[in-house]
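Structural features, examined
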Amino acid sequence: MIPAVMRSLSHNSKRAVLKGILLGSISILAYIIVVIMTTPQLPASFAIKAAFSINPLIIYGTAFGVGANVFISSYSKGMGCRVDKKRKGIFGVSSGSTTLSAFFSFFSLVPLGCCGSWLLVLSYLPTIFGSALSVSLIQYSKPLSYIGLIIVLGFAGISALKLRSELNNQQHQHQGMDGQNIDKKIKTGSSALG
């Protein structure tokens, strides 16, 4: 049974929506898998419950941002315009900020006993970044994960604006071609009469 909204969409729109939903869901699943894998000392259900109670905005926001970016990219390709010309990689530029946002959000789960393996990662931070920066990264992990999320959503918004602009340009070009074709028909029709 297909919802009424999906019946009225074009094939390209449906495909783009399904890709966005699928990859957004995969990002949630990946987050859950990382939480479970890095928390061997706790039952998986407790670790998942803790992750969703502490970081719901990050988890769902990242999934929405990934889904929106994939939707926009897929839809634009189907319409014959590319809004992600300068992007490289599977998900484009925002994939780095997605990863960074998720990375920082795991730190906020460590005090609860979740993601204990991240303690090993945290222990290496001073050798990589120095003590002061490491303490700041740990202390401000929650705001940093929100900044990463804002970047992900910002890229989705910029991509949406680019897509809108590209579609408007295509529409104007198509209308210009129709006007030229009408002018040619009028000229050929008047020269045939004359």
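Residues numbered from 1 in each chain as written. Predicted model: local features only at pLDDT ≥ 70, side-chain atom pairs only at ≥ 80, totals over all residues. Heavy atoms only, no water.

Each helix and strand in the protein chain was counted, giving eight helices and zero strands. Secondary structure of the protein chain in N-to-C order comes out as α-α-α-α-α-α-α-α. A buried classification covers 33% of the 194 residues belonging to the protein chain. Counting only contacts in the protein chain whose residues sit at least 6 apart along the sequence, the fraction spanning at least 24 positions is 76%. Accessible area of the protein chain: about 12,000 Å², with a carbon and sulfur share of 69%. (Helix = DSSP H or I, 4+ residues; strand = E, 2+ residues; numbered from the N terminus. Buried < 20%, exposed > 50% of the residue type's maximum accessible area, 1.4 Å probe, protein only. Contact = heavy atoms within 4.5 Å. Areas by Shrake-Rupley, 256 points an atom, 1.4 Å probe, with all protein chains shown as cover.)

Here we take up the side chain of Thr 39. Looking at where Thr 39 falls in the secondary structure, it is placed in the loop between helix 2 (11-37) and helix 3 (44-54). According to the relative accessible area criterion, Thr 39 is buried, its value standing at 2%.

Turning to the environment of Ser 13, a few remarks are in order. Here Ser 13 is to be found in helix 2. Once the C-alpha coordinates of Ser 13 and Ser 76 are considered, the two residues, 63 residues apart in sequence, prove to be 9.6 Å apart. Setting aside its immediate chain neighbours within four residues, Ser 13 contacts Phe 71 and Tyr 75.

Applying the stated criterion across every chain yields a total of two aromatic pairs. With centroids separated by 5.6 Å and ring planes inclined at 45 degrees, the aromatic side chains of Phe 52 and Tyr 60 adopt a geometry described as tilted. On the accessibility criterion, Phe 52 (22% relative accessible area) is partly exposed. With 5.7 Å between their ring centres and 20 degrees between their planes, Phe 71 and Tyr 75 make a pair best called stacked. Here Tyr 75 and Phe 71 lie together in helix 4 (residues 56-78), a separation of four residues that amounts to about one turn. Tyr 75 gets classed as buried once you look at its relative accessible area, which sits at 17%. (Phe/Tyr/Trp six-rings, centres within 6.5 Å; stacked < 30°, edge-to-face > 60°.)

Attention shifts here to helix 4. The end-to-end C-alpha distance of helix 4 is 32 Å, a good match for the 33 Å that 23 residues give at a rise of 1.5 Å each. Gly 80 sits one or two residues past helix 4 and shows a positive phi near 85 degrees. (Expected span 1.5 Å × (residues − 1).)

With 27 residues, helix 2 extends 38 Å from end C-alpha to end C-alpha; this agrees with the ideal 39 Å at 1.5 Å per step. Among the residues of helix 2, Asn 12, Ser 13, Ala 16, Gly 20, Gly 24, Ile 28, Tyr 31, Ile 32 and Val 35 are the ones counted as buried.

Side chains of Leu 120, Tyr 124, Ile 128, Phe 129 and Leu 133 sit close together on the surface and give an oily, nonpolar patch of about 530 Å² of accessible area. By the secondary structure assignment, Ile 128 is in helix 6 (residues 118-129). (Patch = residues over 30% accessible without salt bridge, like charges linked within 9 Å, V, L, I, M, F, W, Y side chains within 5 Å. Salt bridge = Lys/Arg side-chain N within 4 Å of Asp/Glu carboxyl O.)

All right, on to the confidence of the model for the protein chain then. Counting all residues, the mean pLDDT for the protein chain is 77, and 70% of those residues have values of 70 or more. Predicted confidence in the protein chain is weakest over helix 1 (residues 4-7), with a mean pLDDT of 62, and strongest over helix 2, with 90. (pLDDT = per-residue confidence, 0-100.)

A word on the packing of helix 3 against helix 4. One way to put it is that helix 3 packs onto helix 4 with a least axis distance of 5 Å and a crossing angle of 85 degrees. In terms of their interaxial angle, helix 3 and helix 4 are classed as roughly perpendicular. Judged by residue contacts, Ala 51, Phe 52, Ser 53 and Ile 54 of helix 3 engage Pro 56, Ile 59 and Tyr 60 from helix 4. Looking at the contact of helix 3 with helix 4 residue by residue, the classes come out as six nonpolar, one polar and no charged. (Axes fitted to C-alpha atoms, helices over the stretch in contact; angles between N-to-C directions. Parallel < 35°, antiparallel > 145°, perpendicular 65-115°, else oblique. Nonpolar A, V, L, I, M, F, W, Y, C, P; charged D, E, K, R; others polar.)

With eleven residues, the main nonpolar core is built from Ile 28, Tyr 31, Ile 32, Val 35, Ala 47, Ala 51, Ile 59, Ala 63, Ala 102, Phe 106 and Leu 109. A per-element tally of this core places helix 2 first, with four residues. Formed by five residues, the second largest nonpolar core is a distinct cluster that contains Ala 16, Ile 72, Tyr 75 and Cys 81. (Core = buried A, V, L, I, M, F, W, Y, C linked by side-chain atoms within 4.5 Å.)

What follows concerns the packing of helix 2 against helix 3. Running from amino to carboxyl end, helix 2 crosses helix 3 at an angle of 125 degrees, the nearest separation of the two axes being 9 Å. Judged by the inter-axis angle, helix 2 sits oblique to helix 3. Once helix 2 is placed against helix 3, the crossing between them reads as right-handed. Touching Ile 28, Tyr 31, Ile 32, Val 35 and Ile 36 of helix 2 are Ala 44, Ala 47, Ile 48, Ala 51 and Phe 52, all from helix 3. (Left-handed = near helix turned anticlockwise from the far one by under 90°.)

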